[in-house]
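Here are the chains, one letter per residue:
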Amino acid sequence: QVQLVESGGGLVTPGGSLRLSCAASGSIFRINTMGWYRQAPGRLRELVADITSSGSTNYADSVKGQFTISRDNAKNTVYLQMNSLKPEDTAVYYCTADIKSTSMFYFRSYWGQGTQVTVSS
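Residues numbered from 1 in each chain as written. Predicted model: local features only at pLDDT ≥ 70, side-chain atom pairs only at ≥ 80, totals over all residues. Heavy atoms only, no water.

1. Comments concerning the pairing of strand 8 (residues 77–82)
Here strand 8 lies mainly inside the structure; 5 of its 6 residues are buried. In this structure, strand 7 (residues 67–72) lies alongside strand 8, joined through 6 bridges in antiparallel fashion. Along strand 8, the bridge assignment pairs Arg71 with Val78. Adjacent in sequence and paired antiparallel, strand 7 and strand 8 are bridged by 4 residues, among which Asn76 carries a positive phi angle near 50°. (Buried < 20%, exposed > 50% of the residue type's maximum accessible area, 1.4 Å probe, protein only. Helix = DSSP H or I, 4+ residues; strand = E, 2+ residues; numbered from the N terminus. Pairing = 2+ DSSP bridges.)

2. With respect to the state of the cysteines
Here the structure, examined in full by the defined rule, presents 1 disulfide. Residue pairing for Cys22: its cysteine sulfur links by disulfide to Cys95, the two sulfurs lying 2.0 Å apart. Sign of the S-S torsion, about -75° for the bond between Cys22 and Cys95, identifies this disulfide as left-handed. Residue Cys22 is found in strand 3 (residues 18–26), and its partner Cys95 is found in strand 9 (residues 91–101); the two are separated by 73 residues along the sequence. Each member of the pair, Cys22 as well as Cys95, carries the same accessibility label: buried. (Disulfide = S-S within 2.5 Å.)

3. Section: the pattern of salt bridges
The final tally for this structure, using the stated rule, is 3 salt bridges. A salt bridge links Asp61 to Lys64; the shortest N-O distance between them is 3.1 Å. Here Asp61 matches Lys64 in class, with each residue exposed. Counted as one network, the salt bridges with shared partners bring together Arg38, Glu46 and Asp89. (Salt bridge = Lys/Arg side-chain N within 4 Å of Asp/Glu carboxyl O.)

4. Quick look at the pairing of strand 4 (residues 28–39)
With 9 bridges connecting them, strand 4 and strand 9 associate as antiparallel partners. Each residue of the ladder has a partner; that of Arg38, found in strand 9, is Tyr93. Both strand 4 and strand 5 (residues 46–51) contribute to a ladder of 5 bridges, which runs antiparallel. What sits directly across from Gly35, in strand 5, is Asp50. The hairpin turn running from strand 4 into strand 5, its antiparallel successor, is 6 residues long, and Gly42 in that turn takes a positive phi close to 75°.

As structure tokens, this is what we get:
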């Protein structure tokens, strides 16, 4: 089985920073794109950023210049550095990864359980 476990969420004041981590574990053969989505109350889940296995990145317009996504392929881990946080960044943040497990012939998307980020004074 494959599992994604997120960490690093919490409460932060406006202007502060947080770093989210998401580690993939289990019977992993290969990981392609990894990314972060977020869902605020009453809103649809939206892409925040993603990164390919070769390091190419893609960001939502709302977080460009504010958030940075990175990954450590040796650790099967993706990170999201969030700076200058605003109350509108408050959401549950979900990690996702396209993974081919050792028991499958194709890639499928896996999701973490989500981590709450609250930006409030």
